[in-house]
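Given next are the chains, with one letter for each unit.
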Amino acid sequence: RKWREFVTPHTDTDVIFGELNGYPCCTANMHQGWPKLVQNLWYATVDGGVAALVYAPSRVNLTVAGGVRAEIEEETEYPFDEKITFKLSFSDKKVKSAAFPFHFRIPGWCKNPIVKINGTEVDADAWPGEICVIRREWKRGDVLTVELPAQVSVSRWYDNGAVVERGPLIYALRMDEKWTRREFSASEAEYGKWYYEVTSDSPWNYGLSSSSIRPANIAESFKVEKTGVKGYPWNVDNAPVRIVTN
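If you're wondering where the values come from, they're calculated on a predicted model, not measured in any experiment.

S.K.: Quick one: what's the story with the sheet that holds strand β12 (residues 152-156), residue by residue and with numbers?
M.R.: In sheet architecture, strand pairing relies on hydrogen bonds along the backbone and comes in two forms, parallel and antiparallel. Pairing within the open sheet is antiparallel, and its three strands lie in the order β12-β13-β14. Of all strands in the sheet, those with a lone pairing partner are β12 and β14 (169-170), marking the two edges. Across five bridges, the pairing between β12 and strand β13 (residues 162-166) is antiparallel. Following the sheet pairing, Ser153 is matched in β13 by Glu165.

Okay, here's the thing in structure tokens:
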């Protein structure tokens, strides 16, 4: 009963942006997303190795091979780019190599992953939705590269709507956003002092032609354009990837 009383007054504001809008859990939990992502990038494994299960630019220092301190630097623009590079080294300059398994995740959407060591493609047991393991004597300066080729696909969601996806990302129509700050009235003071009303001056009610979203026609109908990560990527102006279609 107490939970219902706490949530119900806020349900009328779940589609606007403001100080106390939407559901109370968002105010407390949303900002925790990035720290939790970072803390779950790397794992030590029971076989004395290391596992990279979530991908982002990072650097880790951990114990492998029964006591050797390894340093791994991850360079990537994932999820906007498909290439992930791991550079291996050791904390102790006297250590030149160590044998340990390197585990990494192949996303379920990636059908043909490519694994390279020092620029040479290797025959790895890499399958969509599975963990690939490379067991070898790793040397200082070794570079492991994982390429996850992404293809445009179209899935059907609510009310048979067509949704454009590519790799781990879902794409939305580019719109000219218009943000207007509005003040709450005295009777709405429990929601905060103000909120943003977001509208668009550009057309938005488009539909995709049925022929363009047929699996056989998607590669020709949708063109991927990359500009790379430049600053904060999660807004329209800095979007590192866009998909163009007729």
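S.K.: Explain the pairing of strand β11 (residues 143-147) to me, and be specific about the residues and the numbers.
M.R.: Here strand β6 (residues 83-90) pairs with β11 via five bridges, running antiparallel. When the bridges of β11 are listed, Thr85 appears paired with Thr145. Examined bridge by bridge, strand β8 (residues 114-117) and β11 share four bridges and lie antiparallel to one another. Residue pairing for β11: Val115 is matched across the bridge by Val146.

S.K.: For the side chain of Glu82, give the residues involved together with the corresponding values.
M.R.: Relative to the assigned elements, Glu82 resides in the loop between β5 (68-76) and β6. On the basis of relative accessible area, Glu82 is assigned to the buried category, the value being 16%. There is a polar contact of 2.7 Å between the side chain of Glu82 and the side chain of Arg166. Aside from chain neighbours lying at most four places away, what touches Glu82 is Val146, Glu147, Leu148, Pro149, Ala150, Arg166 and Lys226.

The rules we used
- Residues numbered from 1 in each chain as written.
- Predicted model: local features only at pLDDT ≥ 70, side-chain atom pairs only at ≥ 80, totals over all residues.
- Heavy atoms only, no water.
- Pairing = 2+ DSSP bridges.
- Helix = DSSP H or I, 4+ residues; strand = E, 2+ residues; numbered from the N terminus.
- Buried < 20%, exposed > 50% of the residue type's maximum accessible area, 1.4 Å probe, protein only.
- Polar contact = N/O pair within 3.5 Å; in protein donor to acceptor, adjacent residues only side chain to side chain.
- Contact = heavy atoms within 4.5 Å.

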